[in-house]
Amino acid sequence: MRPFEYAEPVSVGEVCEILGRHGEDARVIAGGNSLVYFLKRRIVSPRVLVTLQSLPAALGTADPMPGGGLRLGALMTHGAVATHPLVRERCPQLATTAANIGSVRVRNSGTIGGSLCYAHPAIDTAPVLITLGAEVVIAARGGTRTLPVEQFFSDAFKSVLAPDELLTEIRLPGHGRPLRGSYIKFVGQKAKSSMAIVGIAVAIRGGDGAPVEEVHIVLGGVSPTPLRARRAEDLLRGKRATPELLRQVGAAAAAGTAPWDDPWASAGYKRDMVEVLSRQALEGLTGLGPGYQG
Amino acid sequence: MAEFSVIGKPFPRIDAKAKAMGDAKYTADMRLPGMLYGKVLRSPFPHARIRQIETARAKGLTGVRAVITAADTPKIKYGLVVDDELPLCDDRVRYVGDEVAAVAAIDRDTAEEALDLIEVEYEELPAVFDPEEALRPGAPVLHEQFPNNVASHLNFERGDIEAGLREAAVVLEETFRTQCHHQYYMENVAALANWSEGKLTIWCPLQFLEIPRQLLAKALNLRLSDIRMIQAYVGGGFGGKLDQKLPVVTALLALKSRRPVLCEHTREEEMQAARPRVPMIIRLKMGARKDGVITAKDTQIIADNGAYSNWAQGILSTAATRVDSAYRYRNIRTDAKLVYTNKTPTGAFRGFGNPQITFAVGSMIDMLARELGIDPAEMHRKNATQTGDVTAHGWVINSCGLTECIDRALERIGWPAKRQQKTFGRGLGVACAIHVSGNRIIGDYDGSAAFVKLNEDGRANVICGEGEIGQGANTIFAQIAAEELGVRYEDVDMSVADTDVTPFALGAWATRVTAIGGNGVRMAARDAKRQLLEAAAEKLEANPDDLVIREGVISVKGLPGRSLTVADAVKASMYKKGGTPVIGRGQFSVDTTVQVGKEKFGNIAPAYSFACQVAEVEVNPETGVVKVLRVVAADDLGRALNPLSAEGQVEGGVVQGLGYALCEELVFEDGRVLEPMEYEVPTAWLAPNVESILVEPIDPFGPYGAKGTGETPLVPVAAVIANAVCDAVGVRITSLPITPEKIRKALKAKQEAAGR
Amino acid sequence: MATRIPMSFTINGDRYEMELPPQRTLLELLRDELGLTGTKESCGAGICGACTVLVDGQPVSSCIKMAFQVKGREITTIEGLAPGGQLDPLQEAFVRHGAIQCGYCTPGMIIIAKGLLLQNPYPSEEEIYEAVGSNICRCTGYVKIVEAVRAVARGER
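Residues numbered from 1 in each chain as written. Chains lettered and ligands numbered in written order. Predicted model: local features only at pLDDT ≥ 70, side-chain atom pairs only at ≥ 80, totals over all residues. Heavy atoms only, no water.

Trainee: Break down the nonpolar core for me, citing the residues and quoting the values.
Mentor: Grouped together as the largest cluster of nonpolar side chains are 267 residues, with contacts concentrated most on Ile301(B), Ile721(B), Ile743(B), Phe9(C) and Phe94(C). Discounting chain neighbours no more than four positions away, the residues touching Ile743(B) are Val619(B), Gly624(B), Val626(B), Val725(B), Val729(B), Val731(B), Ile733(B) and Ile738(B). Of all hydrophobic cores here, the second largest spans 47 residues; its members include Ala482(B), Tyr489(B), Ala537(B) and Leu641(B). (Core = buried A, V, L, I, M, F, W, Y, C linked by side-chain atoms within 4.5 Å. Buried < 20%, exposed > 50% of the residue type's maximum accessible area, 1.4 Å probe, protein only. Contact = heavy atoms within 4.5 Å.)

Trainee: Report on the packing of aromatic side chains, specifying residues and quantitative values.
Mentor: Applying the stated criterion to the full structure yields 23 aromatic pairs over all chains. On the basis of an interplanar angle of 90° and a centroid distance of 5.0 Å, the ring pair of Tyr26(B) and Tyr104(C) is categorised as edge-to-face. On the criterion of chain membership, the pair formed by Tyr26(B) in the loop between helix 1 (16–20) and strand 1 (36–42) and Tyr104(C) in the loop between helix 2 (89–96) and helix 3 (106–119) is interchain, its members lying in two chains. The same class applies to Tyr26(B) as to Tyr104(C), namely buried. Ring plane angle 50° and centroid distance 5.7 Å describe the contact between Phe208(B) and Trp311(B), whose orientation is recorded as tilted. Here the residue Phe208(B) occupies a position in the loop between strand 10 (199–204) and helix 6 (210–220), and Trp311(B) occupies one in the loop between strand 14 (294–306) and helix 9 (312–321), the gap between them amounting to 103 residues. Classification of Phe208(B) as buried rests on a relative accessible area of 3%. Site record: aromatic cluster; members linked through ring pairs are Tyr37(A), Phe38(A), Tyr118(A) and Phe157(A). Between the NZ or CZ atom of Arg277(B) and the centre of the ring of Phe349(B), over which it lies, the distance is 4.2 Å. (Phe/Tyr/Trp six-rings, centres within 6.5 Å; stacked < 30°, edge-to-face > 60°. Helix = DSSP H or I, 4+ residues; strand = E, 2+ residues; numbered from the N terminus. Lys NZ or Arg CZ within 6 Å of the ring centre and 35° of its normal.)

Trainee: Report on the interface of chain C and chain B, specifying residues and quantitative values.
Mentor: Taken residue by residue, the interface counts 42 residues in chain C and 51 residues in chain B. For the chain C and chain B pair, buried surface summed over both sides reaches about 3800 Å², with 56% attributable to carbon and sulfur atoms. Summed over the shared surface of chain C and chain B, the result is 7 salt bridges. In this structure, Asp29(B) and Arg31(C) form a salt bridge, with 2.8 Å as the shortest nitrogen-oxygen distance. The interface formed by chain C and chain B holds 24 residue pairs in polar contact (both at pLDDT 80 or more) in total. If you list the elements that add at least two residues to the side of chain C that touches chain B, you get helix 1 (26–33), helix 2, helix 3, helix 4 (125–132) and helix 5 (143–153) of chain C. At 4 residues, the largest contribution of residues to the side of chain C that touches chain B is made by helix 4 of chain C. (Buried area = accessible area lost by both parts, 1.4 Å probe. Salt bridge = Lys/Arg side-chain N within 4 Å of Asp/Glu carboxyl O. Polar contact = N/O pair within 3.5 Å; in protein donor to acceptor, adjacent residues only side chain to side chain.)

Trainee: Run through the pairing of strand 18 (residues 460–464) of chain B, naming residues and quoting values.
Mentor: Residues and elements named next belong to chain B. Burial of strand 18 is extensive: 5 of the 5 residues sit out of reach of the surface. Residue alternation in strand 18 divides its side chains into two sets, Ala-460, Val-462 and Cys-464 and Asn-461 and Ile-463, and both sets are buried. One ladder, built from 5 bridges, connects strand 17 (residues 447–454) with strand 18; its direction is antiparallel. Its bridge partner being in strand 18, Lys-453 is matched across the sheet by Asn-461. Taking the residues that link successive antiparallel strands as the turn, the strand 17-strand 18 hairpin has 5 residues, and the phi of Gly-458 there is positive, at about 90°. By the bridge criterion, 3 bridges tie strand 18 to strand 19 (residues 492–494) in an arrangement that is parallel. Within strand 19, the residue paired with Asn-461 across the bridge is Asp-493. The parallel pair strand 18 and strand 19 is bridged by helix 14 (residues 473–485), and the resulting crossover is right-handed. (Pairing = 2+ DSSP bridges. Right-handed = clockwise from strand over helix to strand, strands pointing away.)

Trainee: Tell me about the environment of Ile202(B), and please be specific about residues and values.
Mentor: All names here are of chain B. Within the secondary structure layout, Ile-202 lies in strand 10. Spatially, the C-alpha atoms of Ile-202 and Tyr-327 are 44 Å apart, while their sequence positions differ by 125 residues. Residues within four places of Ile-202 in sequence aside, it is in contact with Leu-192, Ala-193, Leu-216, Ile-227, Arg-228, Met-229, Ile-230, Pro-247 and Ala-251.

Trainee: Talk me through the interface of chain A and chain B; I want residue IDs and the actual numbers.
Mentor: Interface size is commonly expressed as the accessible area that is lost once the parts come together. Listed per partner, the contact involves 24 residues of chain A and 26 residues of chain B. Roughly 2200 Å² is buried in total at the junction of chain A and chain B, and carbon and sulfur atoms are behind 47% of that figure. A per-residue breakdown of the area chain A buries against chain B is headed by Arg42(A), Gln189(A) and Pro263(A), which together make up 30% of the total. A salt bridge links Asp116(B) to Arg42(A), with the nearest nitrogen and oxygen atoms 3.0 Å apart. Scanning the region where chain A abuts chain B turns up 15 residue pairs in polar contact (both at pLDDT 80 or more). Counting residues per element, the ones that place at least two in the side of chain A that touches chain B are helix 2 (35–40) and helix 11 (267–286) of chain A. The greatest single-element share of the side of chain A that touches chain B, amounting to 7 residues, is contributed by helix 11 of chain A. Of the residues assigned to the side of chain A that touches chain B, the class counts are 11 nonpolar, 5 polar and 8 charged. (Nonpolar A, V, L, I, M, F, W, Y, C, P; charged D, E, K, R; others polar.)

Trainee: An account of the environment of Ala134(A) is needed here, citing residue identities and associated values.
Mentor: Residues and elements named next belong to chain A. Of note, Ala-134 is situated in the loop between helix 8 (125–131) and strand 6 (135–140). We classify Ala-134 as buried; its relative accessible area is 2%. C-alpha separation for the pair Ala-134 and Pro-85, spaced 49 residues apart in sequence, amounts to 19 Å. Sequence-distant contacts of Ala-134, that is, excluding residues within four places in its chain, are made with Leu-129, Pro-148, Val-149, Ile-170, Arg-171, Leu-172 and Pro-173.

Trainee: Got a sec to walk through the pattern of salt bridges? Specific residues and values, please.
Mentor: All names here are of chain B. Per the counting criterion, the structure on display carries 99 salt bridges over all chains. Residue Arg-370 pairs with Asp-727 through a salt bridge whose shortest N-O separation is 3.4 Å. Placement of Arg-370 in helix 10 (residues 354–372) and of Asp-727 in helix 18 (residues 717–729) is noted, with a sequence separation of 357 residues between them. Several salt bridges converge on common partners, so that one network encompasses Arg-42, Glu-85, Glu-99, Asp-243, Lys-245, Glu-269 and Arg-275.

Trainee: Before we move on, can you summarise helix 1 (residues 12–22) of chain A with the specific residues and values?
Mentor: Three or four residues apart is the spacing at which side chains of an α-helix point the same way, because the helix has 3.6 residues per turn. Residues and elements named next belong to chain A. All of the buried residues in helix 1 are Val-12, Val-15, Cys-16, Ile-18, Leu-19 and His-22. One side of helix 1 holds all its buried residues, which, seen down the axis, span an arc of 160°. Tucked into the core, helix 1 has its buried residues touching strand 1 (5–7), strand 2 (26–29), strand 3 (48–51), strand 6 and strand 10 (166–172). A positive backbone phi angle near 55° is found at Gly-23, which sits one or two residues after helix 1. (Arc of directions from axis to C-beta.)

Shown next, in the form of structure tokens:
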């Protein structure tokens, strides 16, 4: 590891000030799950390392918002998200998703905000958050801004954060009638704790014997950033689900992807799995099938 | 088993407590005063000429104590079978990861910084990555002494292959491909070297010490006895720690810096530059009669050696011959080539070349059975080797429990009933294996030696260099010594392997340690016991033949009152005029044959192990994901000296085999390992509840009838799984690993073909 | 630029006050500074679990944790499980059930199981697999490791 200057600010303002001062030379460390490895292997060698461990406790808690919504501090660990009663009650698919990220060790260290900022193309939480219409709160020296999670990613491993900005909070809107959703983390024959080969987040309103009023399908691992399957959503919205329609929706979801070959899965197989698994997920939510069976 | 008091009992491992407490010191846990940290600079190119190396800037960095290149070495090539390797590359690099230079510095960060400061000017050369391409005329040549890139070529025929094919009712041909498979021992290779008082001492986790010491002495141009190698705790080897470059480089750094130096591989270096399993392309043509009797086996093997050989010739020979003694073949023809490519050198991994060929043959037997409409298990039984057979290659089978393995495995899983309740998506597979207990390939020696020293407190030290690599050798040796001496298991201590102290030992490979090493220990213990009883007899005024030892007490048969403790007998032997300490010596030699030349004929091992495994799997046809529900593994290991330990070997071997079958692969692109940190090793989630059945025919050679079982359980797994997958969803996957993608693709192709 | 920063830790019940360069990982602190080499490094990337330690009772990968990240926290390593040589029930069970072969994953496996049992003394089968399945063992095939953890969870002492 190359030497760096250590900073341990105690307020968000102070973080942004340090980041603003050092620009690209500074890096923020939250859980450190990805960053410490990069530091050790000299893949990343910042001049200043800014630890968030002494920021106010609110950055690590979940709190209710008016109208059934929820705010999650960006420093909540995946383990905390998975087990928090409010998350489990108001957003069970996010709790389940967090419970299946990495290993126990990863969940005890990794934070929801850190993982969003790392912006891995196969990130698990982001597709779920996008289906739920979640927003991120971003602090900078001049104040804060709010952005839909969908607009947070700019490329693989890149977010829209400016050098002096810090992700502080994730906000989940309340819903009149909650969206019913699920997330499939597909790892194939890989270990349960691996990154997803493809991830499929689906959320719908209606659809249980009635037409589907609202549908969100967001895919992970098949494009540089989480991918909204808009054509597939359009096919289903306002319609009553049938096996044939869901097959078409699955095919449409797959058609819109741009995956790449990995040593463990080709682009073609990933597309195939998006087609199969998005259909299965929707079958599960509309009562047309058992859903994904692991 | 009333005849034994220690043998056959499930004692906990002798070193388990130290390991459970974190007390066991592995190489990288050791520190010496003034110790430096070493790092290796590796080639970024698969094939290149080294134009120039500039080390001045690295040497000038504060904290750097040594920077070495080939110029600092005698440039003597070495190797186990052929001399094709240098400690550091001289004018050429042959794979991504080849060792070019090394540094030793006061800490790791400085050593890494220094690596960045070494400037190497390369001229890239055309490279070849595919062994079939490497065989073509005009392909880039890796080593001038092998102008066709062929490092080894075997060609032999037994019986009459054409007649065998004519006799067959069905003949099938298929090409099987096996992948590059990494040992993934949890402890990365490390070495600690110290040059002091004219002697080079190296602590390392190699699986054996004497042969690496010979190679090291040659490569560094030192006298053999100027080098002392000591085995530290070994964090897993599985064959991968038979051959490693790192101890050589560490020794060079210690010689240059005159300071102790510790080097450790990172996991990335392990994946790119260690010695993974030899991948093979196997073209197999086999014929069988209507009743399932195999009439012909015609095999062509092209093995991907990577850039340097070391053990690979032996591995090729294993792939070419070993599986042929599992069955009563009469007509065999084999052509096998080991081919250099500009990739990571390959090496030994549990099973040597046996899992590769057993995947092919085990799949082929299943295919033949399906074609003939007979039960594949019946086909294995019908052709199985039996006790007393002399096989096609002249192997003498003194004990064989293969048929019993088949019967008991089938019975446990409920084979006939399960096969009748067949549903799509669920399947059963069966395959068998043979393995050796020893392999006469190092010079013309196979044997073992040990000392047993008795202390004045009645406890024993077994001094033996075979080595503990996590397989349980020391536990078995302690049990053998305790049994022979008549002391408690708890009263035996084991030495570490140390070339200055322990007798010459071939070490942990070829599943030879229990059967061969065990006999050496047994003889040493018997010798010590003889000395002990002589001393006791004098004291008890009895004939030594009338004495017995139980739990550390020597008594006269039939006269329990006349007794003496072992401790007192040791003292009695020593504290008298002309007295001597009790030191037993065991020297043991094995009557086997070196297979010479291309013919590969002769009995290479004193005993052979067998196995039959049956698995039940569930295949999700929509994703291709395989869930292994159950594996029943019946292993003929002769007498199980410690059933708890033997079960552990079986369970571990099966799960490693599942990795080989289903998910593990080092994927190369232009000689570079892709995503090395994503290499997929099985976790507990993949592992089913392996049920092991120990089949124990008493072998006439091994101690108490024991044979080895270290490698055997891995050997048949890939074939078992391939057969079970085929049974479940009707597609035959002929390349490893059997990924969900391959299954899905085959299923889609099948559907399309049916739809046309 | 501060080359060393003050840090305090409680490690296996002992209090340490020290000044360390900020680029020390928790694993380096344990192994290199304190000589607690029971905690192992294998993948170095937080995947395999050989380096697992408990931080305030929770299993984490010490190889990808900076030492400064655990300032003021309570750390338990394998050496802390058997103070005075009295084995923890998990250590006893690993020995007795044959769950140890080469031993390199063992400290991490025992620690991750300890973390599970501290939080949940009566884990389900699924929860045992979640813990054991987080770490890699290359020798045992996991059968006997799961058995050992299950035995302790069911009250075997």
